[in-house]
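What follows is the residue order along each chain.
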2 protein chains.
Amino acid sequence: MAQLRIALAQIDTTVGDLAGNAAKVLDWSRRAAGDGADLVLFPELALTGYPPEDLVFRESFRSASVRTRDELAGRLAAEGLGGLAVVVGYLDSAGGPRNACAVLHGGEVAATYFKHHLPNYGVFDEARYFVPGDRFVVARIRGVDVALTVCEDLWQDGGPFAVAGRAEVGLVACVNGSPYERNKDDVRLPLATRRAAEAGAPIAYVNMVGAQDELVYDGDSLIVAADGTLLARAEQYAEMLVVRDLELSGHRGTVTGPVLGMTVERHLVSDEPAPPREAVPAAGAPGGDPMVDEEEVWQALVTGTRDYVRKNGFRTATLGLSGGIDSAVVAVIAADAIGAGNVHCVSMPSAYSSEHSKDDAAELARRVGCGYRTVAIAPMVDAYLSAVALTGLAEENLQARVRGTLLMGLSNEEGHLVLATGNKTELAVGYSTIYGDSVGGYAPIKDVPKTLVWKIARWRNAVAEKRGETPPIPENTISKPPSAELRPGQLDTDSLPPYELLDAVLADYVDRDLGWAELVGAGHDPTLVERVIRLVDRAEYKRRQYPPGPKISLKAFGRDRRLPISSRWAETAPPEAVAEHAEPAGPSPATAPDPTPLAVEGS
Amino acid sequence: MAQLRIALAQIDTTVGDLAGNAAKVLDWSRRAAGDGADLVLFPELALTGYPPEDLVFRESFRSASVRTRDELAGRLAAEGLGGLAVVVGYLDSAGGPRNACAVLHGGEVAATYFKHHLPNYGVFDEARYFVPGDRFVVARIRGVDVALTVCEDLWQDGGPFAVAGRAEVGLVACVNGSPYERNKDDVRLPLATRRAAEAGAPIAYVNMVGAQDELVYDGDSLIVAADGTLLARAEQYAEMLVVRDLELSGHRGTVTGPVLGMTVERHLVSDEPAPPREAVPAAGAPGGDPMVDEEEVWQALVTGTRDYVRKNGFRTATLGLSGGIDSAVVAVIAADAIGAGNVHCVSMPSAYSSEHSKDDAAELARRVGCGYRTVAIAPMVDAYLSAVALTGLAEENLQARVRGTLLMGLSNEEGHLVLATGNKTELAVGYSTIYGDSVGGYAPIKDVPKTLVWKIARWRNAVAEKRGETPPIPENTISKPPSAELRPGQLDTDSLPPYELLDAVLADYVDRDLGWAELVGAGHDPTLVERVIRLVDRAEYKRRQYPPGPKISLKAFGRDRRLPISSRWAETAPPEAVAEHAEPAGPSPATAPDPTPLAVEGS
């Protein structure tokens, strides 16, 4: 057996900030060295940030990445950290763009590995960017054979974990940029356990934290023994260093050359055993209490909002506060993300705004301690109505657009990022006004269904109570029936099915891509299914112009779900389900696109 | 030798309209049969429309596609067209989703082929959707061995065209959904010629026409002899049937089994030679005069606009007419696409609008014969300014947003599609107001650089003169210096470099993805390069919320160019170019994102 002290550096990097990311890797390497680590792991593409998207196509970007890697190796050595083996993700261009990681040691690049399995589903487009690697790379560090892998390599059968099982390795290092989605942490650990068994070696898994546009990374870095024992688990959403002493197989693997379609390469980094030293203090149980779902989601939204604000050079945010649940939750998320003092809420009542709405908005701002002002929209609305005849839906949408224009004006004048307050349910069925309540640079709850908005609101209030603080969201905001208040006495349920039913259909239609027969087979009411499908399909054009926001679900609107705007496909009962008079599939008049989709935008 | 009468059905299908597309295939098959054709080819994924995007993931959609194919085979036979071999693209699900084409004959599916090369670059995501085929499929039709291929198979080396060279075929049929981009037709013919030589057989290439969201298909179907002689070429942008008698090798190929990684399959469709019949009348020179670049572009924009309007169930459109060149060109495109009577222009002058602008707008509407009304924006602008203090850029943007709100109000009230009038240059540098002049369902010139806007305007006027019509665009609109007229005496050149210089840098930076050193090496002024890069990079968030519009360039904003919003990457001189004091790559303070990017939105 050989001892290896390993550190997982769970950090937040920024896309394109090569110098900043390298400085961060250097800084956390110092801390790892300070803790006596022999080996420190940084996340996938840590030097470029992840995902760099089409920046990968720039020769200038690829060569800057390689140059940054080499300079970093030199700097580590210059600071006396040359004895620490640093595994760091970067973009290589050997034989085409590569999603790579390197072992830096003694001022040199001791080994490089290129990601073998490239994800090309969901939000991932890696077949667009990278050439897959077919080398299985083992670096001997302090006498331990450490195999290198990157993210998707863990999720697919075959490839490096299968090779590891035959190549006699002491440890598999896996560097990740694995985005959060609900319950994914429940999958990670069993998966890592299975791969550890397959590899016959412990797995050290490091993931990013932070956010990049629509993706949030929750960290959840972990170490699993070959027998599946969880040896360490990092907190979610926090930058941190996990340091552990591992007793690892010191056998000296000799397998080289082709194994299962990969070429096994072995690199000697250092062969001397670790010096005798005091053990790392036992950290108690690995990881803390797991977060409940609401907390995970809340932290994802806060992290997404904070990083979007910060990485785009903003310091403050503004949003319209209606007294309703959505804007209340967004205001509290923003306050948790960037501090209540940096959140500037605007109440923009109309003639149809109820007293309780105005009171609830003011009360929320008071409880949260954020900025608050009121601008009544009647004069602007009246000015439009005097110039052009707008009625019904057009007049309802006008009110929302006046509010949007006011928020954008304040953004331009005062430099705030505008936060859009729409939830996933609204976005799905098009119950929002394009260029109205949908304006903004970022939309914190765009992937949160309405029913979950209520749940996280109650959870956040309960947390405050536990801490002895005033719950930030007024009870009336949570309990009252939701209304857009764009005409007298309006309720959401005038236009939409009850949210419990609606969200259940949406989860199956949007997130799981079920067709008509499967939806009805899952127990949803056929009339409801048809109505929901029609609403979702014809709102696609609105979603395309919606701001980005953090993905938390299996399938978020955005890169995750790519549907045509121009489409006559309408899920309907398949022919066999329509008794004898089967018609060929295709839109029936009832489900054909509305002749004026831009006019159907709810309120 | 054997004779085969072939028809290329260059048609416009609609995504998701399985029944409608099948009806269209049936209709054009009737016409082909009426012309005595033995074989008719329809485009790639003709039954589902192309590209169907994530609809491919729905089991209901895949099975509807296969069912539609089978029903179509039956209907063709029921109408007495069973003797005609019909090659039609559809979505199959044998062993995973397949980009497939089938030979329908005698009421049966006689053969199926699955696309081998799947494009996964630019606007294409086919690795996301399809499993590649590895069968090389030959159907003997009237004694001629016809090999089947789909689109990208033609563009990549290896695969079916290489196999065709060894498999003794009489003809290669290639069905396509190949989107237009400038000068692509100049590449298609030489490529087809090269592949015909490789296959040792003529190539019959059929492409779609029409448009789907951001993609326009120009048709340009063609037949090339084995020796490279162009035998037929369809007009661009027109639905049409090209019918030709081909004298083809009647040798009876016998190669089966594995060849170059594909499995050669042979299917007997019909072996009797074509009956004696009168030759198809010679059609004169193959194809007409090639279109000049301006005409190709204009037709692409008109086709894109017409199909977006039609396929989304609209009949009418509206846009703001400023008197400037962009809105003038969009109005004429719209009139050409859907008829001047269906285009409703709105002049929305402010206090800063010049007399000539108002006159030019009215004059254009008069010449085109479209609807026209005037709504002065001062009362609305004043109402906002009385409610909130907005100055400078915030006040400029307010004017644009009042106009956007007016147009959307009229859209909601009257059912028009709103057309955004921004050009590619504006979109690139962020010289537009988000939720202001950028509102709309479709943006006809979003991929047209400003300098090309002028060119196509002059071309369109010249066409009118040739036809003895009044040129639609007033000369003053073309010749005056461009201005957003959001403050007194404002000119675009106050904020932007001269358009000739700007567009030249943009073509290299945006379309060709060149880095700093390459841009400077290409002869662009370094100061200009730095300024343009900064403007382009920090306008990404605006482009994400811009409406779709027709792609005409090598790289359009949209799916073609996927860049992060949150990014600190800034193209700068690489270290070696900065003399001795090399700094690590990364943003310098001067090029770091503006602290308030939402406020830098030009006019």
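The rules behind each value
Residues numbered from 1 in each chain as written. Chains lettered and ligands numbered in written order. Predicted model: local features only at pLDDT ≥ 70, side-chain atom pairs only at ≥ 80, totals over all residues. Heavy atoms only, no water. UniProt positions renumbered as here; feature names shortened; annotations may be inferred. Least-squares fit on C-alpha atoms with pLDDT ≥ 70 in both. Contact = heavy atoms within 4.5 Å. pLDDT = per-residue confidence, 0-100. Buried area = accessible area lost by both parts, 1.4 Å probe. Salt bridge = Lys/Arg side-chain N within 4 Å of Asp/Glu carboxyl O. Polar contact = N/O pair within 3.5 Å; in protein donor to acceptor, adjacent residues only side chain to side chain. Helix = DSSP H or I, 4+ residues; strand = E, 2+ residues; numbered from the N terminus. Core = buried A, V, L, I, M, F, W, Y, C linked by side-chain atoms within 4.5 Å. Buried < 20%, exposed > 50% of the residue type's maximum accessible area, 1.4 Å probe, protein only. Pairing = 2+ DSSP bridges. Right-handed = clockwise from strand over helix to strand, strands pointing away. Phe/Tyr/Trp six-rings, centres within 6.5 Å; stacked < 30°, edge-to-face > 60°. Lys NZ or Arg CZ within 6 Å of the ring centre and 35° of its normal. Expected span 1.5 Å × (residues − 1).

- Under the annotation held in an unreviewed UniProt entry, chain A carries the name Glutamine-dependent NAD(+) synthetase and is attributed to uncultured Mycobacteriales bacterium.
- Entered under Catalytic activity (unreviewed entry) in the UniProt record, the comment concerning chain A runs "deamido-NAD(+) + L-glutamine + ATP + H2O = L-glutamate + AMP + diphosphate + NAD(+) + H(+)".
- Recorded under Function (unreviewed entry), the UniProt text for chain A is reproduced unchanged: "Catalyzes the ATP-dependent amidation of deamido-NAD to form NAD. Uses L-glutamine as a nitrogen source."

1. Quick look at the relation of the copies chain A and chain B
Item 1. Once turned by 180 degrees and shifted 0.0 Å along the axis, chain A lies on chain B with an RMSD of 0.0 Å. Such a turn and shift between the copies fits a two-fold axis. When each C-alpha of chain A is compared by its distance to the rotation axis, Q545 of chain A comes out closest, at 2.0 Å.
Item 2. Interface overlap between copies is the fraction of interface residues in one copy that are interface residues in the other; for chain A against chain B it reaches 100%, indicating a shared surface.

2. As for the confidence of the model for chain A
Item 1. Considering every residue of chain A, the mean pLDDT works out to 93; 94% of them sit at 70 or more.
Item 2. The ipTM assigned to the predicted complex is 0.93, against a pTM of 0.94.

3. Remarks on the interface of chain A and chain B
Item 1. At the junction of the two partners, chain A supplies 102 residues and chain B supplies 102 residues.
Item 2. Summed over both sides, the interface between chain A and chain B buries roughly 8,500 Å², with carbon and sulfur atoms accounting for 55% of that surface.
Item 3. Counting the contacts that link chain A with chain B gives six salt bridges.
Item 4. Where R58 of chain A meets D513 of chain B, a salt bridge forms, and the shortest distance between an N and an O atom there is 3.1 Å.
Item 5. At the junction of chain A with chain B, the criterion picks out 39 residue pairs in polar contact (both at pLDDT 80 or more).
Item 6. Counting residues per element, the ones that place at least two in the side of chain A that touches chain B are α1 (18–34), α2 (59–78), α3 (126–129), α7 (293–311), α10 (378–387), α11 (392–414), β20 (417–418) and α19 (540–544) of chain A.

4. Describing the nonpolar core
Item 1. In terms of nonpolar packing, the biggest core is built from 193 residues, with V329 of chain A together with V329 of chain B touching the most fellow members.
Item 2. The residues touching V329 of chain B, leaving out its near neighbours within four places in the chain, are W298, I445, V453, I456, A457 and I473 of chain B.
Item 3. In terms of nonpolar packing, the next biggest core, distinct from the first, is built from 56 residues, L154, V172, A196 and V259 of chain B among them.

5. Concerning the pattern of salt bridges
Item 1. In this structure the tally under the stated criterion is 104 salt bridges over all chains.
Item 2. Linking R277 of chain B and D38 of chain B is a salt bridge whose minimum nitrogen-to-oxygen distance equals 2.6 Å. Here R277 of chain B, found in the loop between β16 (262–268) and α7 (293–311), pairs with D38 of chain B, found in the loop between α1 (18–34) and β2 (39–41); they are 239 residues apart in sequence, far enough to count as distant.
Item 3. Counted as one network, the salt bridges with shared partners bring together D12, D307, R310 and K311 of chain A.

6. Thoughts on the pairing of strand β9 (residues 203–207) of chain B
All names here are of chain B.
Item 1. Counting buried positions along β9 yields five of five residues, so the element is predominantly enclosed.
Item 2. As defined by bridge partners, strand β8 (residues 171–176) adjoins β9 across five bridges and the pair is classed as parallel. By the bridge assignment for β9, N176 is matched with N207.
Item 3. A crossover connection joins β8 to the parallel β9 through helix α6 (residues 184–199); in handedness this β-α-β unit is right-handed.
Item 4. Where β9 meets strand β12 (residues 222–224), three bridges bridge the pair, whose relative direction is antiparallel. Its bridge partner lying in β12, Y205 is registered against L222.

7. Regarding the packing of aromatic side chains
Item 1. Taken as a whole and assessed by the stated rule, the structure comprises 20 aromatic pairs over all chains.
Item 2. Aromatic side chains F57 of chain B and Y129 of chain B sit 5.4 Å apart centroid to centroid with 40 degrees between the ring planes, which places their arrangement in the tilted category. Here the residue F57 of chain B occupies a position in the loop between β2 and α2 (59–78), and Y129 of chain B occupies one in helix α3 (residues 126–129), the gap between them amounting to 72 residues.
Item 3. Through a chain of ring-to-ring contacts, three or more aromatic side chains come together here, namely F57, Y129 and F130 of chain A.
Item 4. Its guanidinium or amino end placed over the ring of F557 of chain A, R543 of chain A lies 4.6 Å from that ring's centre, counting from NZ or CZ.
Item 5. Directly above the ring of W454 of chain B sits K450 of chain B, whose terminal nitrogen or CZ lies 5.5 Å from the centroid.

8. Observations regarding helix α13 (residues 450–466) of chain A
Residue and element names in this part refer to chain A.
Item 1. The terminal C-alpha atoms of α13, which comprises 17 residues, lie 25 Å apart, in line with the 24 Å expected from a rise of 1.5 Å per residue.
Item 2. Counting buried residues in α13 gives twelve out of 17 residues, a clear majority hidden from the surface.
Item 3. Packing partners of the buried residues in α13 comprise α7, α8 (325–338), α12 (424–429), α14 (475–479), α15 (492–495) and α16 (499–511).
Item 4. G468 occupies a position one or two residues after α13 and carries a positive phi of about 75 degrees.

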